[in-house]
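Here is how the chains run, residue by residue.
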There are 2 protein chains.
Amino acid sequence: MRFTSETSCDGVSEQLFTLGEIPGVLWTPDGAAGTRPLVFMGHGGGQHKKAPGIVARARRFVAECGFAVVAVDVPGHGDRPKDEEYNRIATENQARADAGEDLAPLIAGFQALVARQTVPEWQAVLDAVQQAEHVGAGPVGYWGVSLGCGLGVPFVAAEPRVRAAVLGLGGAQASAEAAARITVPVEFLLQWDDERMPRAQGLALFDALASAEKTLHANPGKHGEIPAFELDSTLRFFARHLG
Amino acid sequence: MRFTSETSCDGVSEQLFTLGEIPGVLWTPDGAAGTRPLVFMGHGGGQHKKAPGIVARARRFVAECGFAVVAVDVPGHGDRPKDEEYNRIATENQARADAGEDLAPLIAGFQALVARQTVPEWQAVLDAVQQAEHVGAGPVGYWGVSLGCGLGVPFVAAEPRVRAAVLGLGGAQASAEAAARITVPVEFLLQWDDERMPRAQGLALFDALASAEKTLHANPGKHGEIPAFELDSTLRFFARHLG
């Protein structure tokens, strides 16, 4: 892992890095030393590691809980080159949807394909980041909604270091099988009027989680309209399970 | 309103009272003076104003938020005499259920009947309690699950002093119509494996609420197994909307 820049703002240090071809960002408290909980964040489709919704949450996890937070660009997103194969499949899927085919299973299949790449990538990032002296091998949390849920469910299912996860805006069609292998506490966010993910799909994904402690938080509003008070709840959830 | 006893424990004062035929209990901080938020609590079926789940919550609302809390016995419960008409209907309903009839609509009809008595009773209690110098006419919250939801939904719908409500373990069959007249913020508790209330009924009641801010908290477990961390959430919800 190679750190390429470091800046600081309001007590939160931000280090850009690359691990092989993967560009990432690590946030830690200024002057942090020693092991601390780490939250891995997965961004949404079309977004990137420093999308506003990622940065705003990451800064609060660091400033209010003293955690480290890491996010990386998903293939084809942010600072990564376009991926010809993924682009070809996405274009084909769009054409099939335009021809009347149901888009949901196509997206589910596409996310499963991308997850076969991102799960080992994210595990390698976890290995590398936990080598840093100011992160260390503490408890790990995962936060990701929408694409960050579609890629996060197989990651959380595969990665025993993850002790708690905030997931949401995802559906059973893409993720039920892997969700049935998740046993850590989960806070699951569902938007009641989600225009992209049918309500029944979200409820079925929550149902599929094998976790003894799982809590569904459903709020009115569309896909992008998770209310601000849910971030307060997320902070307390991670503090409870990682702190 | 006539106060009949006063005791104190760990900073929380408990005053028993009667208002006409209605026995009630008022909890306030020791030495409280002046206006404060008030939480009205509705107990579950077969329970009473000092059931353990009511007392435990009431003491935390008082001790941690400085609120006043009031609860009264529902007709036929606690220190109230048996109600011959309600008993007769309950016995008839049980016989119809034993004969194979669906119990849910019978319970819904029964709760609607009781609510015609409890809504004006509870409004009178609110009038009286807010006359007390150490309560006053501050913002009012409502907390009630199960029967406390079945009776609480029409109460919250009818009572403009209620600014926020925690409801749950109730169903649309009994309460959807009144729920559609509720516009204040609601935190709605649903038990994912509720053996008494079908999941779809609970989801439909949440859906029926007209509140712009409403949040569904669903957790695994049976009717009586709301997890302890939901009380922390309830405290923050009331603190946010009444504090």
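Up top you'll find the structure we're talking about.
Below is a short write-up of the structure. (Residues numbered from 1 in each chain as written. Chains lettered and ligands numbered in written order. Predicted model: local features only at pLDDT ≥ 70, side-chain atom pairs only at ≥ 80, totals over all residues. Heavy atoms only, no water.)

1. Some thoughts on empty space enclosed by the protein
Filter applied, for reference: Of the two site types, the cavity is a set of points on a 1 Å grid over the protein atoms alone where a 1.4 Å probe fits but cannot get out, and the pocket is an open set with protein on both sides within 12 Å along at least five of seven lines, each lined by residues with an atom within 4 Å of a point. Grid points are joined across faces, edges and corners, and a volume is the space filled by probe spheres set on the points. Here a strand is any run of E in DSSP of at least two residues, a helix any run of H or I of at least four, and the numbering for each starts at the N terminus. Note that Gly is not counted as nonpolar here; it falls among the polar residues with everything else outside the nonpolar set of Ala, Val, Leu, Ile, Met, Phe, Trp, Tyr, Cys and Pro and the charged set of Asp, Glu, Lys and Arg.
Applying the stated criterion across every chain, the model contains two cavities of 30 Å³ or more. Each pocket or cavity is described by its volume, and for the largest cavity that value is around 50 Å³. Around the largest cavity, the lining residues are L169(B), G170(B), F188(B), L189(B), L190(B), Q191(B), D194(B), M197(B), P198(B), R199(B) and G202(B). Those elements giving two or more residues to the lining of the largest cavity turn out to be β8 (186-191) and α7 (199-208) of chain B. Split into classes, the residues belonging to the lining of the largest cavity amount to six nonpolar, three polar and two charged. The computed volume of the second largest cavity comes to approximately 40 Å³. Lining the second largest cavity are L169(A), G170(A), F188(A), L189(A), L190(A), Q191(A), D194(A), M197(A), P198(A), R199(A) and G202(A). Listed by contribution, the elements that provide at least two residues to the lining of the second largest cavity are β8 (186-191) and α7 (199-208) of chain A. Here the lining of the second largest cavity is built from residues that sort into six nonpolar, three polar and two charged.

2. Considering the relation of the copies chain B and chain A
Cut-off, in case you're wondering: For the least-squares superposition of copies, only C-alpha atoms count, and only for residues with pLDDT at least 70 in both. Contacts between residues were defined by any pair of non-hydrogen atoms, one from each residue, lying within 4.5 Å.
Of the transformation placing chain B onto chain A, the axial shift is 0.0 Å and the rotation is 180 degrees, giving an RMSD of 0.0 Å. As the rotation angle and translation indicate, the two copies are arranged about a two-fold axis. Residues of chain B ranked by C-alpha distance from the rotation axis are headed by H217(B), positioned 2.5 Å from it. Most of the interface of chain B is mirrored in chain A, where 100% of its interface residues are also at the interface.

3. Quick notes on the interface of chain B and chain A
Interface size is often expressed as the accessible area that is lost when the parts come together. Here is the rule: Two parts placed together each lose some accessible area under a 1.4 Å probe, and the buried area is that loss summed for both. Within this document, salt bridges are pairs made up of a side-chain nitrogen of Lys or Arg and a carboxyl oxygen of Asp or Glu, the two lying within 4 Å of each other. Counted as a polar contact is a pair of N or O atoms within 3.5 Å, where, for protein atoms, one must be capable of donating a hydrogen and the other of accepting one, and residues adjacent in sequence contribute only when both atoms are in side chains. Following DSSP output, two strands are said to pair if at least two bridges run between them.
Tallying the contact residues gives 18 residues for chain B and 18 residues for chain A. Summing both sides of the interface, chain B and chain A together bury roughly 1,500 Å²; the carbon and sulfur share of this comes to 59%. Counting every contact that joins chain B to chain A gives two salt bridges. Residue D207(A) pairs with R199(B) through a salt bridge whose shortest N-O separation is 3.6 Å. Our enumeration of links across chain B and chain A arrives at seven residue pairs in polar contact (both at pLDDT 80 or more). Of all elements in the fold, only α7, β9 (214-219) and α8 (229-242) of chain B reach the threshold of two or more residues within the side of chain B that touches chain A. Of the residues forming the side of chain B that touches chain A, the biggest block, six residues, is contributed by β9(B). Each residue belonging to the side of chain B that touches chain A can be placed in one class, and the counts come to eight nonpolar, three polar and seven charged. Examined bridge by bridge, strand β9 (residues 214-219) of chain A and β9(B) share three bridges and lie antiparallel to one another.

4. Digging into the pairing of strand β6 (residues 140-145) of chain B
Residues and elements named next belong to chain B. Note the cut-off: Per-residue accessibility, obtained with a 1.4 Å probe over protein chains only, is compared with the maximum for each type, and a residue is labelled buried under 20%, exposed over 50%, and partly exposed between these values.
With six of six residues buried, β6 lies mostly within the body of the structure. Burial of the side chains of β6 extends over both faces: V140, Y142 and G144 are buried on one face and G141, W143 and V145 on the other. Looking at chain direction, strand β4 (residues 38-42) and β6 are connected through five bridges and run parallel. Directly across from M41, in β6, lies its bridge partner W143.

5. Observations regarding helix α6 (residues 172-179) of chain A
Residue pairs spaced three or four apart in an α-helix point in one direction, given the helix's 3.6 residues per turn. Residue and element names in this part refer to chain A. The criterion, for reference: By construction, the arc corresponds to the directions joining the helix axis to the C-beta atoms.
For α6, every residue scored as buried is listed here: A172, S175, A178 and A179. One face of α6 carries all of its buried residues, which in axial projection span an arc of 150 degrees. For α6, the elements touching its buried residues are α4 (147-150), α5 (152-158) and α7.

6. Some remarks on the pairing of strand β1 (residues 2-9) of chain A
Residues and elements named next belong to chain A. In this sheet, strand β2 (residues 12-19) lies alongside β1 in antiparallel orientation, the contact comprising seven bridges. Across the sheet, residue S8 finds its bridge partner in β2, namely S13. Connecting β1 to the next strand, β2, in antiparallel fashion are two residues, including D10 with a positive phi near 50 degrees.

7. Considering the side chain of Q191(B)
All names here are of chain B. Counting through the fold element by element, Q191 comes out in strand β8. Looking at Q191, the relative accessible area reads 2%, which means it is buried. A distance of 3.1 Å separates a polar side-chain atom of Q191 from the backbone oxygen of K222.

8. Remarks on α7(B)
Of all the positions in α7(B), only G202(B), L203(B), L205(B) and F206(B) are classed as buried. One side of α7(B) holds all its buried residues, which, seen down the axis, span an arc of 160 degrees.

9. Here we look at the layout of surface pockets
Estimates place the volume of the largest pocket at around 1,200 Å³. Taken together, 47 residues make up the lining of the largest pocket; nearest its centre are G45(B), S146(B), L147(B), R196(B) and H223(B). For the lining of the largest pocket, the element with the highest residue contribution is helix α3 (residues 103-129) of chain B, accounting for seven residues. By residue class, the composition of the lining of the largest pocket is 20 nonpolar, 22 polar and five charged. Counted as a void, the second largest pocket has a volume near 930 Å³. Lining the second largest pocket are 36 residues; nearest its centre among them are G45(A), I107(A), F110(A), Q111(A) and L147(A). At the level of elements, α2 (84-98), α3 (103-129), α4 and α6 of chain A are the ones that each hand at least two residues to the lining of the second largest pocket. When residues in the lining of the second largest pocket are grouped by element, the largest group, eight residues, is from α3(A). A breakdown of the residues in the lining of the second largest pocket according to their chemical character gives 16 nonpolar, 16 polar and four charged.

10. Details of the pattern of salt bridges
Residues and elements named next belong to chain A. The tally for this structure, following the rule as stated, stands at 24 salt bridges over all chains. The partner of R96 in a salt bridge is E101, with the nearest N and O atoms 2.8 Å apart. Through salt bridges with shared partners, a single network forms among K49, D73 and D79.

All quantities given are derived from atomic positions and should not be read as evidence of function.
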